[in-house]
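# Observations on the model geometry
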Amino acid sequence: MDTVINGGMFDGAAGVLMGIEVLQTMHEQNIALDHAVEVVIFTDEEGARFSSGMLGSQAFIGKLTEPDLENSFDTYGISIADAMRQQGYKPEHVASAEVKPKEIKCYLELHIEQGKVLESQNIPVGLVTGMVGLRWLKIKLTGEAGHAGTTPMNFRKDPMACAAEIIQVIETLARNEQQTVATIGKLSVQPGGINVIPSEVEFTVDMRDLSDALLDELVEEIGKKARDISEQRGIIFDLQILDRSNGVTTIPSVNEAIAAAIRKNDIELVKLPSGAGHDAMNVAQITDIGMIFLRTKDGISHNPAEWADQADLAMGAEVLLDTFIELGKRCGI
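Residues numbered from 1 in each chain as written. Predicted model: local features only at pLDDT ≥ 70, side-chain atom pairs only at ≥ 80, totals over all residues. Heavy atoms only, no water.

## Describing the layout of surface pockets
Of the voids in this model, the second largest pocket is the one considered here, and its volume is about 950 Å³. Taken together, 36 residues line the second largest pocket, and the ones lying closest to its centre are Glu38, Val39, Val40, Tyr107 and Leu108. Mapped by element, the contributors of at least two residues to the lining of the second largest pocket are helix H1 (13–28), strand S1 (106–112) and helix H10 (310–331). Considered class by class, the residues forming the lining of the second largest pocket number 21 nonpolar, 6 polar and 9 charged. (1 Å grid on protein atoms, 1.4 Å probe; cavity = no way out; pocket = protein on both sides within 12 Å on 5 of 7 lines; lining within 4 Å. Points joined across faces, edges and corners; volume = space filled by probe spheres on them. Helix = DSSP H or I, 4+ residues; strand = E, 2+ residues; numbered from the N terminus. Nonpolar A, V, L, I, M, F, W, Y, C, P; charged D, E, K, R; others polar.)

## Notes on the pairing of strand S3 (residues 133–142)
Within S3, 7 of the 10 residues are buried, which leaves the element mostly enclosed by the surrounding structure. As paired elements, S3 and strand S8 (residues 200–209) share 10 bridges and run antiparallel to each other. Looking at S8, one finds that Gly133 is bridged to Asp209. Sheet topology places S3 next to strand S9 (residues 236–245); 9 bridges connect them, and they run antiparallel. Considered in S9, the bridge of Lys138 is made with Gln240. (Buried < 20%, exposed > 50% of the residue type's maximum accessible area, 1.4 Å probe, protein only. Pairing = 2+ DSSP bridges.)

## Considering the pattern of salt bridges
Enumeration over the complete set of coordinates arrives at 16 salt bridges. A salt bridge links Glu165 to Arg233; the shortest N-O distance between them is 3.0 Å. In this pair, Glu165 is assigned in helix H6 (residues 159–175) and Arg233 in helix H7 (residues 212–233), connecting sequence segments 68 residues apart. According to the relative accessible area criterion, Arg233 is partly exposed, its value standing at 33%. Asp228 is paired through a salt bridge with Lys224; the nearest N and O atoms lie 3.6 Å apart. Remark: Lys224 and Asp228 occur in helix H7; sequence separation between them is 4 residues, near one turn of the helix. On the accessibility criterion, Asp228 (32% relative accessible area) is partly exposed. Its relative accessible area of 53% is what places Lys224 among the exposed residues. Residues joined by salt bridges that share partners form a network here, namely Arg135, Asp212, Asp216 and Arg244. (Salt bridge = Lys/Arg side-chain N within 4 Å of Asp/Glu carboxyl O.)

## Let's talk about the environment of Gly7
Note on placement: Gly7 falls in the segment before H1. Counting along the chain gives 307 residues from Gly7 to Ala314, while the straight-line C-alpha distance between them is 22 Å. In contact with Gly7, not counting residues within four places along its chain, are His302, Asn303 and Pro304. (Contact = heavy atoms within 4.5 Å.)

## Regarding the packing of aromatic side chains
Applying the stated criterion across every chain yields a total of 3 aromatic pairs. Aromatic pair Phe10 and Trp307: ring centres 5.2 Å apart, planes at 80°, arrangement edge-to-face. Here Phe10, found in the segment before H1, pairs with Trp307, found in the loop between strand S12 (288–294) and H10; they are 297 residues apart in sequence, far enough to count as distant. Geometrically, the ring pair formed by Phe42 and Phe60 is edge-to-face, given 5.1 Å between the ring centres and 75° between the ring planes. Of this pair, Phe42 sits in the loop between H1 and helix H2 (55–60) while Phe60 sits in helix H2; the two residues are 18 residues apart in sequence, bridging distant segments of the chain. Each of the two residues, Phe42 as well as Phe60, counts as buried. Here a set of aromatic residues connected by ring pairs shows up, and it is made of Phe42, Phe60 and Tyr107. (Phe/Tyr/Trp six-rings, centres within 6.5 Å; stacked < 30°, edge-to-face > 60°.)

In structure tokens, the structure reads:
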């Protein structure tokens, strides 16, 4: 199972293992439902290698094509298709991964919160009401390399100084909104000499908010302001949208089953949105979805210090199992 660069051990993996544990328990206790219960492990949810996340769930819902695989590259110029071939897979068969809507009654995902809401209220498990939309951008600024000591400031075409100004604009735009967050996660400077004015700077932008309309407005505003700043500095500007996913809300009927399972385990019901992207966002396009959060120590995630206590993991598995049983009563699952 994949994770982010220098990530933790619970993000994604905990939910998969608890899904397997639930199947094991159902088998041991002879719990039979009207429909099959399956565990799915989606590859590359994080987009750590190819800068385009949720590849597995995109294929699952039929939104990933062979041209997509051929035209998405990692930092070494290797396409997803070539990486698949190296592992013995056939990218031309990507359509075979698609699952039709009528094949799935509903989809549940259990995940660590990656935030401090549950911990602040001393609650081990929570009900997720929805997931934010996100926009991933890549901005490339091309200037002119020069000697750091002999090139006067007013003669420079410095893409690094330009990037600094644009990044400040992005942060200000995000801070001016109530729930928007913006992150510059990757930055590359060429040629990278301590005594050389850079010739090229490239950086990524991760923006998230519950409002897709607002995200689109902010992307447009970033493009406009960044282009103006670049022109004033004599820098060639390029903006590419790497990924775009809309926010989704979880389904009331599934939420009712989750809520009943939480109460059955004598846990106070806490409802909260997710600020992170999840494969459930893709699966929501073909079936009803629900999501359960687990308490995360200090809200730390995407970090080796990421942690969820064993007791909380056990409680999460109990709630997940009870949710399936509740769904069986309520939805004929």
